[in-house]
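Remarks on the overall topology
So you can see what is in the structure, the chains are spelled out below.
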Amino acid sequence: MLDGVLTGSVYALMATGLTLIFGVMNIINIAQGILVILGAYLSYTLSVHFGIDLFVGLIITIPTLFVVGVVVERLFMARLKGPERTSMSILVTYAISLIIEGSLNMIYSINVVQLKAWYVDKSFPIFGVYLPYIYLFGFILAVVLLTSLYIMLYRTRFGASIRASLADQVAAALVGINVARVSTICFGLGIAVTAAGGMVYGATNAFNASTSYDLISRLLTIIVLGGMGSLGGALLAAILMVTLGDVVAVVWSPIWSSPTFFFVLVIVLSLRPQGLFGKQSARVA
Amino acid sequence: MTESTSFLRFEGVVAGYGGGDVIKGVDFDVPQGGVTCIVGPNGSGKSTLLKTVSGLVRPRLGQLWFKGTPLVGLTPREILKLGIVQVPQNHSLFREMSVQQNVELGAFLVKDKKVIAERLKHVTEIFPIVAERAKDKAGSLSGGQQRLVEFARCLMLEPELVVLDEPSMGLDPKTLRLVFDTIKLMNKVGRTVLLVEQNARQALRMSHYAVVLENGMLRLSGSGKEVLNNPEIGALYLGGSIKETSSIAAPASKEL
């Protein structure tokens, strides 16, 4: 239950990246799952081969994935235009996803690994249970990053230009916002958060490249439930998903934790097709 | 108002979307200092023509000149920097942001916070609503109020040319009058206005200069009064078409 809230924040971070990309660019990034795994593997390499601490390694992995995001956006996403953009983006990002997955399988093999550090093994007592420190540290990391992201979005000039582009691209262009540049940076930011998400995910779960399928389905569900493009919605839906799963697992059976969440999703979507915090007219082309 | 040195000039502009041309070769001058109105039936290409000015639509052929600077190929941002702002047809305020944040975004290209504050003060004098509803979400305003805030926002750059795409769209008659009065006021404080209007008669009455667009081509031009009193314009709005030979056809552009 408690670890639900803690891991929920990490999912929220990864989903925020996804919803930011969708909100500004109308792009559904299917590669988000595999990029989380890429982030996890980067942390793995840095810690195993270079002895760099997982959290310290983020100083390298976050900018690296930001650059990956910028390159992918410039090479592929910026070229997608017109009304078919959203559906085309699913195909293109899926292709990117497959390429990364294949490469990771080749480099790291398909054996599952888990990130190691003292805080992954050591636990601390809280409310009568023992939780590995990584849950706490991951939570703090997610909170810090999400808070910075929110401050950037709501307190800075650049943030205002992102929110304006989220709301109305034509109107944003007409006040002088360079929507193409905002899109590129948003894509970079949306991908950069997967480095942090991937590290915490890889420290709390054993993973290989195929784990990305489970991840992307969860992340997509979160942003659909929260409302496509809604940042607050992603946050709430992530915590709801993980907590609900845990509660059901404890009081009922772990078998039902995922189905229950999807059941809730179906109910919410039949009552509010735009999701919890989505705009009335979902901007899906 | 009548000195028609080339302030904004359309020169053989051909533009459209995808395959088809909506604008099929338009030439005319917008004189500095006045209100110029583009009228014409639905689908005649009025909005498309305006979008070529702000850079939202790139003409396939032809050129636009703003005080001697060619506009074709410039981004909306570069065009803003030259001093041309456009208020689009649909409501374009950022609904989730406050009225004040919206107006301040109008000066997005201005980096100096002091200048922004000064201009905000100046704009608020013309549009008291900006101060009255400063903290309210823009989405909570009525259609007419949103229009006024959009006008306020567009003045934040102190533009030389204000381009308005159907400013009266969806407004009740009372608000419509207020919006038109505000347009006159903007003109009075030194902005050249180029607008497209569906409420042709009212718009023409306050325009110094007008052009009639039909089927993507310029069919008539003259002073607002001339176009208003032209017997054929009524026919145009009743669904008819202007005859080829118009008595006051296109005095401003030599090409037609």
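Residues numbered from 1 in each chain as written. Chains lettered and ligands numbered in written order. Predicted model: local features only at pLDDT ≥ 70, side-chain atom pairs only at ≥ 80, totals over all residues. Heavy atoms only, no water.

What to know about the nonpolar core
- Ranked by internal contacts, the top residues of the largest apolar core, which has 89 residues, are A:Tyr11, A:Met77, A:Ile162 and A:Ile177.
- Among the nonpolar cores identified, the runner-up in size contains 48 residues, and B:Val39, B:Val99, B:Leu109 and B:Ile183 belong to it. (Core = buried A, V, L, I, M, F, W, Y, C linked by side-chain atoms within 4.5 Å. Buried < 20%, exposed > 50% of the residue type's maximum accessible area, 1.4 Å probe, protein only.)

Notes on the sheet that holds strand E6 (residues 84–87) of chain B
Residue and element names in this part refer to chain B.
- Pairing is mixed in the open sheet, where six strands are placed in the order E6-E7-E8-E3-E9-E10. The open sheet has two edge strands, E6 and strand E10 (217–222), and neither has a second partner. Recorded for the sheet is a direction-independent mean angle of 15° between the axes of neighbouring strands.
- With five bridges connecting them, strand E7 (residues 161–165) and strand E8 (residues 192–196) associate as parallel partners. Each bridged residue has a counterpart across the sheet, and for Val163 the counterpart in E8 is Leu194. (Pairing = 2+ DSSP bridges. Helix = DSSP H or I, 4+ residues; strand = E, 2+ residues; numbered from the N terminus. Axes fitted to C-alpha atoms, helices over the stretch in contact; angles between N-to-C directions.)

Structural notes on the pairing of strand E1 (residues 8–17) of chain B
Residue and element names in this part refer to chain B.
- The pairing of E1 with strand E2 (residues 20–30) spans eight bridges and is antiparallel. The partner of Phe10 across the bridge, within E2, is Phe28.
- Counted along the chain from E1 to the antiparallel partner E2, the turn is two residues long, and its residue Gly18 has a positive phi close to 55°.
- Here five bridges tie E1 to strand E4 (residues 61–66), and the two strands are oriented antiparallel to one another. What sits directly across from Phe10, in E4, is Leu64.

Brief notes about the side chain of A:Thr7
Residues and elements named next belong to chain A.
- Its place among the elements puts Thr7 in helix H1 (residues 2–25).
- Since its relative accessible area comes to 16%, Thr7 is described here as buried.
- Here Thr7 is in contact with Tyr135 and Val242, once residues within four sequence places are set aside. (Contact = heavy atoms within 4.5 Å.)

Thoughts on helix H4 (residues 85–108) of chain A
All names here are of chain A.
- Given a rise of 1.5 Å per residue, 24 residues ought to cover 34 Å, and the 33 Å separating the end C-alpha atoms of H4 matches this to within 8%.
- What H4 keeps buried is the set Arg85, Thr86, Ser89, Val92, Thr93, Ile96, Ser97, Ile100, Glu101 and Leu104.
- Positive backbone phi, approximately 65°, marks Ser109, located one or two places after H4. (Expected span 1.5 Å × (residues − 1).)

Thoughts on the side chain of A:Ser9
- Considering the arrangement of structural elements, one finds A:Ser9 in helix H1.
- With near-sequence residues (within four places) excluded, A:Ser9 lies in contact with A:Phe139, A:Ala142, A:Leu146 and A:Ile239.

Focus on the packing of aromatic side chains
Residues and elements named next belong to chain A.
- Enumeration according to the criterion identifies 17 aromatic pairs over all chains in this entry.
- Note on Tyr150 and Tyr154: the rings are 6.0 Å apart at their centroids and 20° apart in plane angle, and the pair reads as stacked. One end of the pair, Tyr150, and the other, Tyr154, are both in helix H6 (residues 133–155), four residues apart, so they sit about a helical turn from each other.
- On the basis of relative accessibility, which here comes to 23%, the residue Tyr150 falls in the partly exposed class. (Phe/Tyr/Trp six-rings, centres within 6.5 Å; stacked < 30°, edge-to-face > 60°.)

Examining helix H10 (residues 211–226) of chain A
Residue and element names in this part refer to chain A.
- When the terminal C-alpha atoms of H10 are compared, their 23 Å separation across 16 residues agrees well with the 22 Å that a helix rising 1.5 Å per residue should span.
- Within H10, burial applies to Thr211, Ser212, Leu215, Ile216, Leu219, Thr221, Ile222, Ile223, Leu225 and Gly226.
- One or two residues past the end of H10 sits Gly227, with phi positive at roughly 110°.

Brief notes about a nonpolar patch on the surface
- A surface patch of nonpolar side chains, about 700 Å² in accessible area, is lined by A:Val247, A:Val250, A:Val251, A:Trp252, A:Ile255 and A:Trp256.
- In this fold, A:Val250 is placed in helix H11 (residues 231–251). (Patch = residues over 30% accessible without salt bridge, like charges linked within 9 Å, V, L, I, M, F, W, Y side chains within 5 Å. Areas by Shrake-Rupley, 256 points an atom, 1.4 Å probe, with all protein chains shown as cover. Salt bridge = Lys/Arg side-chain N within 4 Å of Asp/Glu carboxyl O.)

A look at a positive patch on the surface
- Together, A:Arg157, A:Arg181, B:Lys81 and B:Lys111 make up a region of like positive charge exposed at the surface.
- Assessed through its relative accessible area of 39%, A:Arg157 is described here as partly exposed. (Lys, Arg positive; Asp, Glu negative; His and termini not counted. Charge placed at Lys NZ, Arg CZ, Asp CG, Glu CD.)

Notes on the environment of B:Ile23
All names here are of chain B.
- Tracing the sequence through the fold places Ile23 in strand E2.
- Judged by relative accessible area, Ile23 falls into the buried class, the value being 0%.
- As for Ile23 and Val115, which are separated by 92 residues in sequence, their C-alpha atoms are 39 Å apart.
- Once you skip the residues sitting within four places of it in the chain, Ile23 turns out to touch Val13, Val14, Ala15, Gly45, Thr48, Leu49, Leu213 and Gly216.

Brief notes about the interface of chain B and chain A
- With 19 residues of chain B in contact, the opposing surface of chain A contributes 16 residues.
- In this assembly, chain B and chain A are joined by zero salt bridges.
- Linking chain B to chain A there are two residue pairs in polar contact (both at pLDDT 80 or more).
- Looking at the side of chain B that touches chain A, the elements with two or more residues in it are helix H2 (76–82) and helix H3 (99–105) of chain B.
- Among the elements that line the side of chain B that touches chain A, the one with the most residues is H2(B), at three residues.
- In terms of residue class, the side of chain B that touches chain A is made up of 10 nonpolar, six polar and three charged. (Polar contact = N/O pair within 3.5 Å; in protein donor to acceptor, adjacent residues only side chain to side chain. Nonpolar A, V, L, I, M, F, W, Y, C, P; charged D, E, K, R; others polar.)

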